[in-house]
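One-letter residues, chain by chain:
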Amino acid sequence: MFGFGVPELLIIGFIVLMLFGVGKLPEIGNSFGKALNNFKKAAEGKDAVELNPKKEG
């Protein structure tokens, strides 16, 4: 995986944790997941990509 081993990934994870703090990590992960999902939809050629998906509740 791009030449990254476990020690390198742990160091990167620690730096991200120090930059954003524990409280922001779920929000950042959620945003990253939505962006990845939209990217996959765009790569598949689907025309309608929701920028602000409706909250399920």
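Scroll up a little and you will see the structure.
The sections below set out a description of the structure shown in this document. (Residues numbered from 1 in each chain as written. Predicted model: local features only at pLDDT ≥ 70, side-chain atom pairs only at ≥ 80, totals over all residues. Heavy atoms only, no water.)

## A few points about the overall build of the chain
Each helix and strand in the chain was counted, giving two helices and zero strands. Classification of the 57 residues of the chain by burial places 2% in the buried group. In the form shown here, the chain has an accessible surface area of approximately 5,400 Å², with 66% of it arising from carbon and sulfur atoms. (Helix = DSSP H or I, 4+ residues; strand = E, 2+ residues; numbered from the N terminus. Buried < 20%, exposed > 50% of the residue type's maximum accessible area, 1.4 Å probe, protein only. Areas by Shrake-Rupley, 256 points an atom, 1.4 Å probe, with all protein chains shown as cover.)

## Considerations on helix α2 (residues 25-44)
With 20 residues, α2 extends 28 Å between its outermost C-alpha atoms, agreeing within 8% with the 28 Å of an ideal straight helix rising 1.5 Å per residue. A positive phi of about 95 degrees marks Gly45, the residue just after α2. (Expected span 1.5 Å × (residues − 1).)

## Describing helix α1 (residues 6-20)
Compared with the 21 Å implied by 1.5 Å per residue over 15 residues, the 21 Å span of α1 between its first and last C-alpha is a close match. One or two residues past the end of α1 sits Gly21, with phi positive at roughly 85 degrees.

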